[in-house]
Amino acid sequence: MSPGAGAALSFLASAIGAKAVAEIGTGTGVSGLWLLRGMQAGGVLTSVDLEAEHQRLARETFTSAELAPQRFRLIAGAGLDVMPRLTDDGYDLVFLDGDKVEYGEYLEQAVRLVRPGGLIVFDNALWHDRVADPAQRDPETAAIRDVIKHVATDDRLRSVLLPLGDGLLVAQLLP
């Protein structure tokens, strides 16, 4: 995650007073750290990743940043397996950076998970500048294009595409 995209994530979490954030795709914990920096004191990040090594690295990242262990919850598993078990309307922000081919399914789960007025944020919305190139038809690029179109036409959502890093698609669930 680029510093600009990370700063935007932190800002978004802060602007909505996020206390509970769900993240699909833990990675090394960089995006989680940006989110935690923007969340309210005592807020909890729930981060899901299939790879145990990613979670180990994220735990190290959070510990090195001197975050209390109760500020983050790491769940091992595939996003689409874990998301149905998370609480409806239980999150102020849902950050999606998992399997790009599953972005459409993530969106439906995220709409259920985020509270009215909360935010759904997709990382890699520009996907290495491939999304804007109609000649690019690989499954990941097509899935990202589809979720951008879906978000733009969904009456439940207000959205913006931020050209920071590899792109952030931000959607607010309307009250």
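In the block above lies the structure referred to throughout.
A. Highlighting the packing of helix H5 (residues 103-113) against helix H6 (residues 139-153). Closest axis-to-axis distance for the H5/H6 pair is 8 Å, and the angle between their directions is 35°. Residues Tyr103, Gly104, Leu107 and Glu108 of H5 form the contact with H6, whose own contacting residues are Ile144, Val147, His150 and Val151.

B. View of the sheet that holds strand E4 (residues 91-96). Spatially, seven strands are ordered E3-E2-E1-E4-E5-E7-E6 in an open sheet, and the strand pairing comes out mixed. Only two strands of the sheet have a single partner each, and these edge strands are strand E3 (72-76) and strand E6 (157-162). Ignoring strand direction, the axes of neighbouring strands in this sheet form an average angle of 15°. When strand E5 (residues 114-123) meets strand E7 (residues 168-173), the two strands line up antiparallel, connected through five bridges. Bridge pairing in E7 links Phe122 to Leu169. Strands strand E1 (20-24), strand E2 (44-49) and E4 of the sheet are contacted by helix H2 (residues 30-38), whose axis makes an angle of about 165° with E1. Packed on one face of the sheet, H5 meets E1, E4, E5, E6 and E7 and runs near 155° to E5.

C. Spatial organisation of the environment of Ala22. Position of Ala22 among the secondary structure elements: in strand E1. When its relative accessible area of 1% is taken as the criterion, Ala22 is described as buried. In sequence terms Ala22 and Thr46 are 24 residues apart; their C-alpha atoms lie 4.7 Å from each other. When near neighbours in sequence (up to four residues on either side) are disregarded, Ala22 contacts Thr46, Leu86, Tyr91, Leu93, Val94 and Phe95.

D. Representation of the pattern of salt bridges. Scanning all chains against the criterion turns up eight salt bridges. The partner of Lys100 in a salt bridge is Asp97, with the nearest N and O atoms 2.8 Å apart. The class for Asp97 is partly exposed, based on a relative accessible area of 23%. Between Arg156 and Glu108 there is a salt bridge, with its nearest N and O atoms 3.6 Å apart.

Criteria and cut-off values
Residues numbered from 1 in each chain as written. Predicted model: local features only at pLDDT ≥ 70, side-chain atom pairs only at ≥ 80, totals over all residues. Heavy atoms only, no water. Axes fitted to C-alpha atoms, helices over the stretch in contact; angles between N-to-C directions. Helix = DSSP H or I, 4+ residues; strand = E, 2+ residues; numbered from the N terminus. Contact = heavy atoms within 4.5 Å. Pairing = 2+ DSSP bridges. Buried < 20%, exposed > 50% of the residue type's maximum accessible area, 1.4 Å probe, protein only. Salt bridge = Lys/Arg side-chain N within 4 Å of Asp/Glu carboxyl O.

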